[in-house]
Amino acid sequence: MAGDWIKMRTNLATSPKVVRIASALKADRLRVIGGLHAVWSLFDAHSDDGTLIGYSPVVLDDLIGWPGFSDAMIAVEWMQEDGGNLVVPRFEDHNGASAKRRAQDADRKKNVRNMSATASASEADKKRTREEKRREEEKNPPNPPADAEGEKPGRRKRDKITFTAFLAQCQEAGESAIPKTDPIFKFANDTGIPKDFLHLAWREFSTRHLADGRQQKDWRAHFRDAVRRNWFKLWWFPDTGSCELTTAGVQLARERDAERSREQEQAA
């Protein structure tokens, strides 16, 4: 057996696969996370290579107490049925003994680097007094930043960040991710795209980028591009008439409405 812990991503709840399982089973996403934890823990406890010999979807569903969960995992390719066995793809990449050893080694190395950096910074501060720093700055005033990539002189260059980090920055600053003054609302008004369709686009945009870990300098501009180019194909314009949802857009709207209904029922 591989060990007494398993690897699970912190942003798993926003994974499109989790959303698909939740929609298929008409269940809350947090319950889906619990089901995944139960299944992966079972594989970790009774399998060295990600294969449960002699297990069927019905047997696994009975063990975790959730009929249909195995088929939902198979549908999103998080599990496979191989004859009379069940298999978790890429088991060794995540929960095998070697994967756990790599994760532990990475944590140890990270801690060592952090400790070394802290110690070095502390030692440097002891050697240099504030007065010495002031005299050095008077002799060698800092140069203005280079005008890279069209940045205006004196303006701090914007670094690329993940979508999760962008949302955290907005929350810390007390800002909306897409404020009401954003140009995308004027674009939508000019082109006849309903505001509700923009909300659907933002939902799909958020779901995808919370899970992929990509980085951008300006996430708001990236969202504007997604809307202007209709990347997700959520709406279309008939030759005559107003903007309408596509099949993909209708499906996303129904999924959103179903989640809202469940949340209202739970709050009641």
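In this report, we go over the structure that sits alongside the text. (Residues numbered from 1 in each chain as written. Predicted model: local features only at pLDDT ≥ 70, side-chain atom pairs only at ≥ 80, totals over all residues. Heavy atoms only, no water.)

### Structural notes on the packing of helix H1 (residues 16-25) against helix H2 (residues 29-46)
Line of reasoning, step 1. At their nearest, the axes of H1 and H2 sit 9 Å apart, and the two run at 105° to each other. Accordingly, the angle class assigned to the pair H1 and H2 is roughly perpendicular. Taken together, the residues of H2 that come into contact with H1 (itself represented by Val18, Val19, Ile21 and Ala22) are Arg29, Val32, Ile33 and Leu36.
Line of reasoning, step 2. Considered class by class, the residues forming the contact of H1 with H2 number seven nonpolar, no polar and one charged. (Axes fitted to C-alpha atoms, helices over the stretch in contact; angles between N-to-C directions. Helix = DSSP H or I, 4+ residues; strand = E, 2+ residues; numbered from the N terminus. Parallel < 35°, antiparallel > 145°, perpendicular 65-115°, else oblique. Contact = heavy atoms within 4.5 Å. Nonpolar A, V, L, I, M, F, W, Y, C, P; charged D, E, K, R; others polar.)

### As for the layout of surface pockets
Line of reasoning, step 1. Taken as a whole, the second largest pocket holds about 340 Å³ of empty space.
Line of reasoning, step 2. What lines the second largest pocket is a set of 14 residues, and nearest its centre among them are Val19, Glu204, Gln251, Leu252 and Glu255.
Line of reasoning, step 3. Counting only elements with at least two residues in the lining of the second largest pocket, the list comes to H1, helix H10 (195-212) and helix H12 (247-267).
Line of reasoning, step 4. Of the residues belonging to the lining of the second largest pocket, the class tally is six nonpolar, three polar and five charged. (1 Å grid on protein atoms, 1.4 Å probe; cavity = no way out; pocket = protein on both sides within 12 Å on 5 of 7 lines; lining within 4 Å. Points joined across faces, edges and corners; volume = space filled by probe spheres on them.)

### Let's talk about the pattern of salt bridges
Where side chains of opposite charge bring their charged atoms close, a pairing between them can arise.
Line of reasoning, step 1. The final tally for this structure, using the stated rule, is nine salt bridges.
Line of reasoning, step 2. A salt bridge links Arg220 to Glu175; the shortest N-O distance between them is 3.4 Å. Within this pair, whereas Arg220 is found in helix H11 (residues 219-228), its partner Glu175 is found in the loop between helix H8 (163-173) and helix H9 (183-191), the two being separated by 45 residues in sequence.
Line of reasoning, step 3. Taking relative accessible area as the criterion, Glu175 reaches 46% and is therefore assigned partly exposed.
Line of reasoning, step 4. Residues Lys186 and Asp190 are paired through a salt bridge, measuring 2.9 Å at the closest nitrogen-oxygen approach. With a gap of four residues between them, Lys186 and Asp190 both fall in helix H9, about one helical turn apart.
Line of reasoning, step 5. Look at Lys186 and you get exposed, because its relative accessible area is 56%.
Line of reasoning, step 6. Connected through shared salt-bridge partners, Asp196, Arg256 and Asp257 make up one network. (Salt bridge = Lys/Arg side-chain N within 4 Å of Asp/Glu carboxyl O. Buried < 20%, exposed > 50% of the residue type's maximum accessible area, 1.4 Å probe, protein only.)

### Observations regarding the sheet that holds strand E1 (residues 51-53)
Line of reasoning, step 1. Spatial ordering of the open sheet is given by E1-E3-E2, a layout of three strands whose pairing is antiparallel. The open sheet terminates on both sides in strands that have one partner only, identified here as E1 and strand E2 (80-82). Taken over all neighbouring pairs, the strand axes of this sheet differ in orientation by 20° on average, direction set aside.
Line of reasoning, step 2. As paired elements, E2 and strand E3 (residues 85-87) share three bridges and run antiparallel to each other. Bridging across to E3, Gln80 finds its partner in Val87.
Line of reasoning, step 3. Contacts between H2 and the sheet are confined to E1 and E3, with E1 contributing the most and set at about 75° to the helix. (Pairing = 2+ DSSP bridges.)

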